[in-house]
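The primary structure of each chain is shown beneath.
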Amino acid sequence: MGRHCAPQLRPGFTFRVLWMVHAFLDLAGSQEIYAPHSIRVEGDVTLGGLFPVHARGVPGIPCGDIKKENGIHRLEAMMYALDQINGDEDLLPNVTLGARILDTCSRDTYALEQSLTFVQALIQKDTSDVRCTNGEPPVFVKPEKVIGVVGASASSVSIMVANILRLFQIPQISYASTAPELSDDRRYDFFSRVVPPDSFQAQAMVDIVKAMGWNYVSTVASEGSYGEKGVDAFMQLSREAGGICIAQSLKIPHDHKPSDFDKIIRLLLDTRYARAVILFASDEDIRGILNASKRADQIGHFLWIGSDSWGAKNSPIHQLEDAAVGAVTILPKRATISGFDAYFTSRTLENNRRNVWFAEYWEENFNCKLMSSSKKDESSRKCTGQERISIDSRYEQEGKVQFVIDAVYAMAHALHNMQRDLCPENSGICPEMDLAGGKKLLKYIRSVSFNGSAGTSVTFNRNGDAPGRYDLFQYQWNNVTAPGYRVIGQWTEALQLNIEDMQWPRGEQDIPSSVCSLPCRTGERKKVVKGMPCCWHCESCDGYQYQFDEFTCKLCSYNMRPNANRTACQPIPIIKLEWHSPWAVIPVFLAMLGIIATIFVMATFIRYNDTPIVRASGRELSYVLLTGIFLCYIITFLMIAKPDVGVCSFRRIFLGLGMCISYAALLTKTNRIYRIFEQGKKSVTAPRLISPTSQLAITSSLISFQLLGVFIWFVVDPPNTVIDYDEQKTFNPYLARGVLKCDITDLQIICSLGYSILLMVTCTVYAIKTRGVPENFNEAKPIGFTMYTTCIVWLAFIPIFFGTAQSAEKLYIQTTTLTISMNLSASVALGMLYMPKVYVIIFHPELNVQKRKRSFKAVATAATMSSRLSHKASDRPNGEAKTELCENVDPNSPAAKKKFVSYNDLVI
């Protein structure tokens, strides 16, 4: 796990490295100058080792304080592995592994200088012009040949060292470098590692985020290859997985100050809903972030997900445990190597002199002072040398010890397999192995497969990466359990997470949220923010729309409306005019009264069919007229009945038929009267077609036009029912209704009534023309009043009928208006034409007697006098006409006598 900045390799880097190597070799004649502080273990084959024994020093000083766990523990793990291999008779028999171990001081440039030690044996020097003082050629001590390197720890150091080792084809196996770019087999072809790359742990982090239901996270990385490349891998994988958005991606500067961490926390709080924070940072940077969150009083707000640099270490959270509660961390699957514990705790100053840094470790571990040149303060106590690790000091095996041992064993197994193949007849190192070179050894390294120190398989893929196997931890601290890391799952190509074992800060019971936008409610669609697919605004599906999917609202079909939660469409309810509706009760009541009255009048006329009043009213046309009035009342029930093909057929037939019959009969009557009086003005000869039979024929012919029109209508457009969804399609879809009705449009209704209205208007014209008929002459005046009233009714009907065409109550208003108008028309005719006659017939039978019949000549005389009266009336003031009519007339003259003849009993 690299934690330091790796400089970008620019073109010409290889040539500068070569120049450095040659310049370095020209300045020194012995390799001891290159690495004055190093460990040398003699052997038949020498392995190089790179470990961060010391921390990075302050500017001007390459190395700082000693690193007890990351440095000494790992270094001793290599020494332990060498001892185990050299003592194993089955692995590399008769071959002793040696080592040259160097300190990188956690700095890439310093490590590059140190690693030149590994390549000097491979550089040929021209010494032909060099002579000793006695003239003899000098004798150079040839440095040992390093065939492979174990290390380094930080990814930035491994990248720097790998660039020079590949030039000399020296294989390298890292035990801790996890930067994804080291998987590039074209640039780092001699690099392998026994730990999985960060791309695997980045995938594990992506899987954790998705398992938590988080889709809005921030990232924080230490400046350098490890942090930046780790975050890049996470962001790339999250984009490929989809459903995860990066709120902010922040970087911790290499030379940071406390204010830098405070700034990072402030920036993270700018996106408060992104509580989850992905951390690829060094121990020191993790402490800085946790400290800053504590200073900002944001303990428990952030949900940390730490990489393997955090792992299960206590050092990053020491005295910051409350800020780390709930943090989920990742660590390559490992095991404690009990053999190493026994080995390391038995190390003393006397039995571990081969480790040149062990004395410094001793002082640091036991907080004592060994010699005057020690860095410890004068106040520190002196070391006795009798101190014991794990007894007089706290000891816990460092997490990468297992991988150091596996790296050394991978080298040993590769050498063993190569020896078996190249030296089948030799038990030790043969010349073929010396000449084999690094490429050959690399091939054997990549093909090794063995059970490592923890019992897990150690293998490499084609890029030199180990398989991904991680343990998942969560730092927990509550009233029940002691603070510490708890295993909550693992990741081996797939996530296995025990969510029920997880605990969260602030006592939260459910998984905390880290989302940009809360899920939309049912019936709402997501309107995604441009460039941020995890952020959206929720918009309701309004009107007749339903939620088709989480991003789309669609319109329901014309006969459907959305259901209550707008997740689907449902049929719009179908309605019709019900009998119990107030809109129907009133017309039905009027119609029933009218039907009863009509039947009563008709029964009276039939009962008194031969009486003078019935005969004088024209029995034949009266019965026709009463039939039309009856049909006008009957249409009310057809208009309210549930529409079907039969009802719709009867509606078409009777809608205009009743009015047509009524006004055809009235028109025939008024026309007859008009013709009689007009003829009487000219002569005493009776006009044609005034007999009852002729009147019936005329009436029938007028009615036949209506029936012919209905017949044509039937042929052109057969009757049918329709459901009109537009009539009551209200703004609120839940109030929408489909109206079941006959397939008759407003225009067709008017056309059906148009002929009857034409008859009515014509009849009205004749009523006006016959207004001058003597008051008691037949039915001219009642017919006139009937037609005037009817015209008023229908003039009121037309604006009401068409004015409500866009109303939601159209069905009710138009039906009620139409039926009431027809009921009123029928009632006016019935009341004005027949009720007075029925009243006389029933209550004053003494008036229903035969009077003297008059000839047409008498009628003609009356018509002439009526005409004269009307002319004189127009020339005189009111009341003078009658006086003038009587002037110069002898009361005994025939003309005077004719003037006072009664016309009541004239049968015309």
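Residues numbered from 1 in each chain as written. Predicted model: local features only at pLDDT ≥ 70, side-chain atom pairs only at ≥ 80, totals over all residues. Heavy atoms only, no water.

(A) Structural detail: the overall build of the protein. Broken down by element type, the protein carries 26 helices and 29 strands. When each of the 908 residues of the protein is scored for burial, the buried share is 52%. Taking as baseline every contact in the protein between residues at least 6 positions apart, the subset at least 24 positions apart corresponds to 69%. When the accessible surface of the protein is totalled, it reaches about 42,200 Å², and 56% of it is carbon and sulfur. (Helix = DSSP H or I, 4+ residues; strand = E, 2+ residues; numbered from the N terminus. Buried < 20%, exposed > 50% of the residue type's maximum accessible area, 1.4 Å probe, protein only. Contact = heavy atoms within 4.5 Å. Areas by Shrake-Rupley, 256 points an atom, 1.4 Å probe, with all protein chains shown as cover.)

(B) Region of interest: the state of the cysteines. A full pass over the atoms with the stated rule returns nine disulfides. The disulfide partner of Cys520 is Cys538, and the S-S distance across this bridge is 2.0 Å. Between Cys520 and Cys538 the sulfur-sulfur dihedral comes to about -95 degrees; the bridge is accordingly left-handed. In this pair, Cys520 sits in the loop between strand 20 (495-497) and strand 21 (524-529) while Cys538 sits in strand 22 (residues 532-540), placing the two residues 18 residues apart along the sequence. What makes Cys520 buried here is its relative accessible area of 18%. On the basis of relative accessible area, Cys538 is assigned to the partly exposed category, the value being 34%. (Disulfide = S-S within 2.5 Å.)

(C) A look at unusual backbone geometry. Looking along the chain, the bond that leaves Gly151 and enters Ala152 is cis, with omega of 0 degrees. The phi dihedral of Gln169 is positive, around 55 degrees, even though this residue is not glycine. Secondary-structure assignment places Gln169 in the loop between helix 4 (155-165) and strand 7 (172-174).

(D) Structural detail: the sheet that holds strand 27 (residues 574-575). Pairing is mixed in the open sheet, where three strands are placed in the order 27-29-28. Single-partner strands in this sheet number two, and they are strand 27 and strand 28 (721-728). Relative to strand 29 (residues 737-742), strand 28 is paired through five bridges, and the arrangement is antiparallel. Counterpart to Asp724 in the pairing with strand 29 is Val739. (Pairing = 2+ DSSP bridges.)

(E) Seen up close, the nonpolar core. In terms of nonpolar packing, the biggest core is built from 66 residues, with Met78, Leu97, Phe340 and Leu415 touching the most fellow members. In terms of residue count, the dominant contributor to this core is helix 12 (residues 401-422) (13 residues). Residues contacting Phe340, with those up to four places away along its chain left out, are His73, Glu76, Ala77, Tyr80, Tyr395, Gln397 and Val401. Of all hydrophobic cores here, the second largest spans 57 residues; its members include Ala665, Tyr755, Met787 and Ile841. (Core = buried A, V, L, I, M, F, W, Y, C linked by side-chain atoms within 4.5 Å.)

(F) Inspection of the pattern of salt bridges at higher detail. Evaluated as defined, the whole model comprises 27 salt bridges. Arg193 serves as the salt-bridge partner of Asp465, at 2.8 Å between the closest nitrogen and oxygen. Linking Asp465 in the loop between strand 17 (457-458) and strand 18 (470-476) with Arg193 in strand 8 (residues 191-193), this pair joins segments that are 272 residues apart in sequence. Each member of the pair Asp465 and Arg193 is classed as buried. Put simply, Arg40, Arg100 and Glu144 are held in one network by salt bridges that share partners. (Salt bridge = Lys/Arg side-chain N within 4 Å of Asp/Glu carboxyl O.)

(G) Up close: the packing of helix 17 (residues 619-640) against helix 19 (residues 692-716). Helix 19 packs onto helix 17 with a crossing angle of 25 degrees between their chain directions and a minimal axis gap of 9 Å. Considering their axes alone, helix 17 and helix 19 lie roughly parallel with respect to each other. Residue-level inspection shows Glu620, Leu621 and Val624 of helix 17 in contact with helix 19, the latter providing Pro692, Gln695, Leu696 and Thr699. Split by residue class, the contact of helix 17 with helix 19 holds four nonpolar, two polar and one charged. (Axes fitted to C-alpha atoms, helices over the stretch in contact; angles between N-to-C directions. Parallel < 35°, antiparallel > 145°, perpendicular 65-115°, else oblique. Nonpolar A, V, L, I, M, F, W, Y, C, P; charged D, E, K, R; others polar.)

(H) A look at the packing of helix 12 against helix 14 (residues 438-446). It is at 8 Å that the axes of helix 12 and helix 14 come closest, and there the two elements cross at 115 degrees. Relative to helix 14, the element helix 12 is oriented roughly perpendicular. Considering the relative orientation of helix 12 and helix 14, their crossing is right-handed. Here Met411, Ala414, Leu415, Asn417, Met418, Asp421 and Leu422 of helix 12 come into contact with helix 14, specifically with Lys440, Leu441, Tyr444 and Ile445. (Left-handed = near helix turned anticlockwise from the far one by under 90°.)

(I) Spatial organisation of the pairing of strand 6 (residues 146-150). Across the five residues of strand 6, five count as buried, placing the element largely inside the fold. One ladder, built from four bridges, connects strand 2 (residues 45-51) with strand 6; its direction is parallel. Bridge assignment links Leu47 to a residue of strand 6, and that residue is Gly148. In this fold, the crossover linking strand 6 to strand 7 by way of helix 4 has right-handed handedness. (Right-handed = clockwise from strand over helix to strand, strands pointing away.)

(J) Structural view of the sheet that holds strand 19 (residues 484-491). Pairing within the open sheet is mixed, and its eight strands lie in the order 10-9-11-12-13-18-19-20. Unpaired on one side and paired on the other, strand 10 (245-252) and strand 20 mark the two borders of the sheet. In this sheet, adjacent strand axes meet at a mean angle of 25 degrees when their direction is disregarded. Pairing analysis gives four bridges linking strand 11 (residues 276-280) to strand 12 (residues 303-306), with the strands arranged parallel. Among the inter-strand pairings, Val277 is bridged to a residue of strand 12, identified as Trp304. The sheet contacts of helix 6 (residues 225-241) involve strand 9 (216-222), strand 10 and strand 11, and relative to strand 9 the element is tilted by about 160 degrees. Along the sheet, helix 7 (residues 258-270) makes contact with strand 9, strand 10, strand 11 and strand 12, crossing strand 10 at roughly 175 degrees.

(K) Quick look at the confidence of the model for the protein. Summing up the model confidence of the protein, the mean pLDDT is 82 and the portion of residues at 70 or higher is 85%. For the protein, the element scoring lowest by mean pLDDT is helix 25 (residues 881-886), at 33; strand 7 scores highest, at 97. Residue range residues 17-35 is modelled with pLDDT below 50. Its contacts to residues more than four positions away, or to other chains, number 31 contacts. Scored below 50 in pLDDT, residues 866-908 shows 48 contacts in the model against residues more than four places distant or in partner chains. (pLDDT = per-residue confidence, 0-100.)

(L) Summary view of the packing of aromatic side chains. By the definition in use, this model includes 21 aromatic pairs. By way of ring pairs, the aromatic residues Tyr80, Phe340, Tyr343, Phe344, Phe358, Tyr361, Trp362, Phe366 and Tyr395 are connected into one cluster. Directly above the aromatic system of Tyr608 lies the positively charged group of Arg607, at a separation of 4.9 Å from the ring centroid. Seen from the ring of Phe714, Arg652 lies directly overhead, with NZ or CZ sitting 5.8 Å from the centre. (Phe/Tyr/Trp six-rings, centres within 6.5 Å; stacked < 30°, edge-to-face > 60°. Lys NZ or Arg CZ within 6 Å of the ring centre and 35° of its normal.)

(M) Structural detail: the side chain of Thr46. Positionally, Thr46 belongs in strand 2. Note on Thr46: relative accessible area 8%, which makes it buried. Setting aside its immediate chain neighbours within four residues, Thr46 contacts Gly98, Ala99, Arg100, Glu144, Lys145, Val146, Ile147 and Gly148.

(N) Region of interest: the environment of Leu441. Among the structural elements, Leu441 can be located in helix 14. The spatial distance from the C-alpha of Leu441 to the C-alpha of Asn417 is 9.4 Å, given a sequence separation of 24 residues. Every residue in contact with Leu441, bar those within four places of it in the chain, is listed here: Ile147, Pro171, Ala414, Leu415 and Met418.

(O) Structural detail: the environment of Gln814. On the secondary structure map, Gln814 appears in helix 22 (residues 810-833). Look at Gln814 and you get buried, because its relative accessible area is 7%. Residues Gln814 and Phe802 lie 12 residues apart in sequence; the distance between their C-alpha atoms is 8.2 Å.

(P) Spatial organisation of helix 11 (residues 358-366). Listed in full, the buried residues belonging to helix 11 are Phe358, Tyr361, Trp362, Glu363, Asn365 and Phe366. Tucked inside the fold, the buried residues of helix 11 contact strand 4 (63-66), helix 2 (68-86), helix 10 (338-345), strand 14 (368-369) and strand 15 (381-382). Backbone geometry just downstream of helix 11 places Asn367 in the positive-phi region, at approximately 55 degrees.

(Q) Just a nonpolar patch on the surface, in detail. Residues Leu708, Phe711, Ile712, Val715 and Val716 make up a contiguous nonpolar surface patch of about 520 Å² in total accessible area. With respect to the helices and strands, Phe711 occurs in helix 19. (Patch = residues over 30% accessible without salt bridge, like charges linked within 9 Å, V, L, I, M, F, W, Y side chains within 5 Å.)

(R) The arrangement of helix 8 (residues 283-295) in detail. Here helix 8 is 13 residues long and its end C-alpha atoms lie 18 Å apart, about the 18 Å a rise of 1.5 Å per residue gives. Residues Asp283, Asp285, Ile286, Gly288, Ile289, Leu290, Ala292 and Ser293 constitute the buried set of helix 8. At its buried positions, helix 8 is contacted by strand 9, strand 10, helix 7, strand 12 and helix 9 (321-324). Directly beyond the C-terminal end of helix 8, a positive phi value near 55 degrees is found at Asp297. (Expected span 1.5 Å × (residues − 1).)

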